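Observations on the three-dimensional arrangement
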Amino acid sequence: MKIIFAQGNPGLEYAASRHNVGFIVLDALAEQLGAKWTNKPKFNAMTAEAVIADEKAVLVKPTTFYNETGVSARKLVDFYKLDQTKDFLVIHDDLALTFGTIRVRQQGSDAGNNGIKSLNAHLGEQYGRVRIGTQNELHERLDDSLFVLSKFNGDESARLQSEIIPKAIELIEQFCADKLKITSHKLDEK
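Now for a description of the structure that goes with this document. Just so you know, these numbers come straight off a predicted model, no measurement behind them. (Residues numbered from 1 in each chain as written. Predicted model: local features only at pLDDT ≥ 70, side-chain atom pairs only at ≥ 80, totals over all residues. Heavy atoms only, no water.)

Here we look at the overall build of the chain
The helix and strand tally for the chain stands at six helices and eight strands. Seen in sequence order, the chain has helices and strands lined up from the N terminus as β-α-β-β-β-α-α-β-β-α-β-α-α-β. Against the globule reference of 16 Å for 190 residues, the chain gives a C-alpha radius of gyration of 15 Å, in line with a compact fold. With respect to the three principal axes, the spread of C-alpha positions in the chain is 45 × 30 × 30 Å. Considering the chain as a whole, with its 190 residues, one finds that 49% of them fall into the buried category. With the model as given, the accessible surface of the chain reaches about 8,800 Å², and the carbon-plus-sulfur share is 51%. On the chain, the mean spot of the 24 positive side-chain charges and the mean spot of the 26 negative ones are 4 Å from each other. (Helix = DSSP H or I, 4+ residues; strand = E, 2+ residues; numbered from the N terminus. Rg over C-alpha atoms; globule rule 2.2 N^0.38 Å. Buried < 20%, exposed > 50% of the residue type's maximum accessible area, 1.4 Å probe, protein only. Areas by Shrake-Rupley, 256 points an atom, 1.4 Å probe, with all protein chains shown as cover. Lys, Arg positive; Asp, Glu negative; His and termini not counted. Charge placed at Lys NZ, Arg CZ, Asp CG, Glu CD.)

Some details on unusual backbone geometry
Located in the positive-phi region is Ala53, a residue other than glycine, with phi close to 50°. Note that Ala53 resides in the loop between β3 (45–52) and β4 (55–62). In this structure, Asp54 takes a positive phi of about 65° despite not being glycine.

Considerations on the packing of aromatic side chains
The full count for this structure, using the stated rule, is seven aromatic pairs. Considering the side-chain rings of Phe43 and Phe79, the 5.1 Å spacing of their centres and the 70° angle between planes classify their relative orientation as edge-to-face. With Phe43 in the loop between β2 (38–40) and β3 and Phe79 in helix α2 (residues 69–80), this pair connects stretches of sequence that are 36 residues apart. Assessed through its relative accessible area of 45%, Phe79 is described here as partly exposed. Both rings, one in Phe99 and one in Phe152, keep their centres 5.8 Å apart while their planes meet at 55°; by these two values the pair is tilted. Of this pair, Phe99 sits in the loop between β5 (88–98) and β6 (101–107) while Phe152 sits in the loop between α5 (144–148) and α6 (154–176), and the two are 53 residues apart along the sequence. Over the face of the ring belonging to Phe23 we find Lys61, whose NZ or CZ atom lies 5.7 Å from the ring centre. Over the face of the ring belonging to Trp37 we find Lys61, whose NZ or CZ atom lies 4.4 Å from the ring centre. (Phe/Tyr/Trp six-rings, centres within 6.5 Å; stacked < 30°, edge-to-face > 60°. Lys NZ or Arg CZ within 6 Å of the ring centre and 35° of its normal.)

Thoughts on the pairing of β5
In terms of residue burial, β5 counts as a mostly covered element, since eight of its eleven residues are buried. Relative to β5, strand β1 (residues 2–6) runs parallel, the two sharing four bridges. Bridging from a neighbouring strand, Ile3 pairs with Phe88 of β5. (Pairing = 2+ DSSP bridges.)

Quick look at the pattern of salt bridges
Note on pairing: side chains with opposite charge can pair once their charged atoms come close. Taken as a whole and assessed by the stated rule, the structure comprises ten salt bridges. Notably, a salt bridge pairs Asp78 with Arg74, separated by 2.9 Å at the nearest N-O pair. Residue Asp78 and its partner Arg74 are both found in helix α2; the two are separated by four residues, about one turn of the helix. You can call Arg74 partly exposed: its relative accessible area is 27%. (Salt bridge = Lys/Arg side-chain N within 4 Å of Asp/Glu carboxyl O.)

Structure follows, in structure tokens:
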């Protein structure tokens, strides 16, 4: 069994924000698979169950705020008795990567990402990550907290749907098939 864990904030006001790109990816995947979201208060999360690459998977959107997602992650790992080093994957935004870049890591520090800091505090640093770049020229005019809560512009939204979400889903499928490799993908500029 695998857990695919998205970073994001609950609530409609955050739904299309850069910080919620993990939620956006999992919503698209759940829709593609016909998986239905269910509120699971015991996990502080919304979950959807599916089979991906012949593996049972639980898609997770924490109902805690972004900076406290480690609470939900710990409850899930403990309940399902998972080996987080091979059965737990986080999908999250990354300010250090330009929009259109996706990187895969197996472990690491939080690099200033407070959601990852929370996960590391509750799980340690040994778990897989799909990091989706959100950096653009707007970030030069806004501080980090305002930028991550800003919405994608029209061109970015189109690329998110046509390129980034499909690539992230492909990486999730590889993870569920135990074939995910440490990589960096720079999707072509449009």
